[in-house]
Amino acid sequence: GYFTSVVIWNGKPAVAYLHSNISDGAGGFKSDVKMAFASTATPTASTDWQIQTVDSGPIACRALCPTGESCFLKSDGSSVCETPSTSCTGCLTTEECRAGTCTTVLTKLAYAEYPKWFGLWIDAISTTSGPAMVYYDAPTGTLNAAIYNGTTFKTKVVAGTSGSPAGAFPSI
C-alpha cells in the first residue's frame, strides 16, 4: 500500500494505507483507504491481519487503460477507459472521439505531479475508541477524516471542494 501510517491500538499494530488503481467494474478505476488490524502484538503471517476498507473514491484512469483504449473524462468528473470512435471531426489535440462527441482525454501525469488519487497522505493516530485518520481526496480537493468506533469507520469531509481545495499533506 501507498502512504502508510502505523499506530498501536490495544497493544497491537494497525496499518492505514492506500490501495489504488482498482477496477470499478465499469471501465473506470478507484482507490481505497484501508486499515489492517493485527490480531496479535507480533504478527508474523498474513493470516495475523484483518483488513477493513475505510473509504473509497473514484480516480482518473490515466495510464491505466488497456492498449487501444483511451481515458475519457466524463461529464460528472469521473473517467472511463473506452475505445475511441472515428465518427468525429475537428477534435482538439486534447480530445478524441467518444460516441460521436469530441471528449477530453486524460493523459499520463507529468513526472513532477503527485497522483490525482483518492486517499493521499494518510496520517493516523490511536484514540481510546480506536484508530483515527485524515487523508486527502485529490480528485475532489477535500480533506477527509475517519474514526473507528470498534466495529466500523465513520468518515467525514472536513474541508475543501473541487473549486477551493484544502487539506493536502494533512497531519492529525
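Residues numbered from 1 in each chain as written. Predicted model: local features only at pLDDT ≥ 70, side-chain atom pairs only at ≥ 80, totals over all residues. Heavy atoms only, no water.

A. Structural context of the overall build of the protein chain. Of the regular secondary structure elements, the protein chain holds 0 helices and 12 strands. Reading the helices (α) and strands (β) of the protein chain from amino to carboxyl end gives β-β-β-β-β-β-β-β-β-β-β-β. Counting only C-alpha atoms and orienting by the principal axes, one finds that the protein chain spans roughly 65 × 35 × 30 Å. Here the protein chain holds 172 residues, and 40% of them are scored as buried. In the protein chain, 40% of the contacts between residues at least 6 apart in sequence involve partners at least 24 apart. Taken as a whole, the protein chain presents about 9,400 Å² of accessible surface, with 54% of it coming from carbon and sulfur. (Helix = DSSP H or I, 4+ residues; strand = E, 2+ residues; numbered from the N terminus. Buried < 20%, exposed > 50% of the residue type's maximum accessible area, 1.4 Å probe, protein only. Contact = heavy atoms within 4.5 Å. Areas by Shrake-Rupley, 256 points an atom, 1.4 Å probe, with all protein chains shown as cover.)

B. Local environment of the side chain of E95. For E95, the location among the structural elements is in strand β7 (residues 95-98). Of the side chains bearing the opposite charge, R98 lies closest to the buried E95, which forms no salt bridge; the N-O distance is 12 Å. Polar contacts involving the side chain of E95 include one to the main-chain amide nitrogen of L92, which spans 2.9 Å. When residues no more than four places from it in sequence are discounted, the contact partners of E95 are C102, T103, T104 and V105. (Lys, Arg positive; Asp, Glu negative; His and termini not counted. Salt bridge = Lys/Arg side-chain N within 4 Å of Asp/Glu carboxyl O. Polar contact = N/O pair within 3.5 Å; in protein donor to acceptor, adjacent residues only side chain to side chain.)

C. Seen up close, the sheet that holds strand β10 (residues 131-137). Read from one edge of the open sheet, 4 strands run β9-β10-β11-β12, paired in antiparallel fashion. Taken across any chain shown, the strands that pair with only one partner, and hence form the sheet edges, are β9 (118-126) and β12 (153-159). Geometrically, the sheet is characterised by an average inter-axis angle of 20° between neighbouring strands, direction not taken into account. Bridge count between β9 and β10: 6 bridges; the pairing is antiparallel. Looking at the pairing, F118 lines up with D137 of β10. (Pairing = 2+ DSSP bridges. Axes fitted to C-alpha atoms, helices over the stretch in contact; angles between N-to-C directions.)

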